[in-house]
Amino acid sequence: MRIASFNINGVKARMPRLLEWLDETKPDVACLQEIKSSDETFPGDAFHEVGYRAIWHGQKGFNGVAVLQRGEETPHEVLRGLPGDDEDTHSRYIEADVNGVRVVCIYLPNGNPVPGPKFDYKLNWMQRLRTRMTELLEAEIPAVVIGDYNVIPEDKDVWSPKAMASDALMQPESRDAYFRLIHDGWTDAIDLHHPRGGMWTFWDYQAGAWQRDHGFRIDHALLSPTLADRLIATGIDKEYRGREKASDHVPVWIEIKD
DNA sequence: ATGGCGTGTTTCACACGA
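All values reported here derive from a predicted model rather than from experimental measurement. (Residues numbered from 1 in each chain as written. Chains lettered and ligands numbered in written order. Predicted model: local features only at pLDDT ≥ 70, side-chain atom pairs only at ≥ 80, totals over all residues. Heavy atoms only, no water.)

Visitor: Looking at this structure, how should I read the protein's contact with DNA strand B?
Guide: The environment of DNA strand B is formed by 26 residues, the closest being Glu34, Tyr107, Asn110, Gln206 and Phe216. Of everything in DNA strand B that lies within 4 Å of the protein, sugar and phosphate atoms constitute 70%. In this structure, Tyr107 approaches DNA strand B through a side-chain N or O atom, which is 3.0 Å from a phosphate oxygen. Interatomic distance of 3.3 Å between a side-chain N/O atom of Lys118 and a phosphate oxygen of DNA strand B. Considered class by class, the residues forming the surface near DNA strand B number 8 nonpolar, 9 polar and 9 charged. (Near = heavy atom within 4 Å. Polar contact = N/O pair within 3.5 Å; in protein donor to acceptor, adjacent residues only side chain to side chain. Nonpolar A, V, L, I, M, F, W, Y, C, P; charged D, E, K, R; others polar.)

Given below as structure tokens:
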């Protein structure tokens, strides 16, 4: 089973690229972030027409996540919204069971500028995420927490640590929160298979970042111990960044034994 | 130090992203 994640930066604007990617790579599960769509305007029918059933947690204009499953079965929703803060109105989290695997699709807050309330929100969100992920570990559920983490884990994951030094994506507090998850027992699937780094998943639209290969790795798949045992392969679909009307992120994927 | 590009809505200007 192949589980993919794609920050699409607007489902409406990305629909041609997205349908093309589903047709060409046929992931069994596709987790989407930044759909930037309300629940009412999300194109669920269009995905059904090309062989996918979907659940989503939308929000007008910003954020928003979705889980697509290939075939006629709809992902079995477990949670919508990250628990732990009733005041949090952002749509950044959806959790579902798909073919016996718990799939958690996340769009973690960016956190810029540092310092400030947005950075505080990011760190608080990561704390709440750790609480939920610990529950999954304790229940020994085969799980993958996949999506846009907005964290550059190590210097090998960015084209220039110096250029990005003041960014929320690689502050020590952001990295510490990420590595607490790793130390809890989660496996960074892409890092496991590509330990030397250089696996960018994002290139900015600005300043010719794609042409200069000024990218970094912020889209991750964290596997619970029992799912990590079943990991076969990982990768990123880099070529989609070079196509017309591309997202600034590329898809990342994991392949696990059935 | 700033803006650069792209997508969205509050649309011919601004918020937000990373």
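Visitor: Would you explain the pairing of strand E12 (residues 219–223) in this entry?
Guide: Taken residue by residue, a regular strand's side chains alternate between the two faces of the sheet. Burial analysis of E12 places 5 of its 5 residues in the buried class, the great majority of the element. With burial as the criterion, each face of E12 is covered, one bearing Asp219, Ala221 and Leu223 and the other bearing His220 and Leu222. Of the pairings in the sheet, the one linking strand E8 (residues 143–148) to E12 comprises 5 bridges and is antiparallel in character. Bridge pairing in E12 links Gly147 to His220. Pairing of strand E9 (residues 187–188) with E12 involves 2 bridges; the strand directions are antiparallel. Counterpart to Thr187 in the pairing with E12 is Leu223. (Buried < 20%, exposed > 50% of the residue type's maximum accessible area, 1.4 Å probe, protein only. Helix = DSSP H or I, 4+ residues; strand = E, 2+ residues; numbered from the N terminus. Pairing = 2+ DSSP bridges.)

Visitor: Can you help me understand the pattern of salt bridges in this one?
Guide: Pairing of side chains with opposite charge becomes possible as their charged atoms draw close. What the rule picks out here adds up to 20 salt bridges. For the salt bridge of Arg102 with Asp97, the shortest nitrogen-to-oxygen distance reads 2.8 Å. A relative accessible area of 25% places Asp97 in the partly exposed class. Two residues, Glu239 and Arg243, come together in a salt bridge whose shortest N-O distance is 2.6 Å. For Arg243, a relative accessible area of 23% puts it in the partly exposed group. Put simply, Arg17, Glu20, Glu24, Glu239 and Arg243 are held in one network by salt bridges that share partners. (Salt bridge = Lys/Arg side-chain N within 4 Å of Asp/Glu carboxyl O.)

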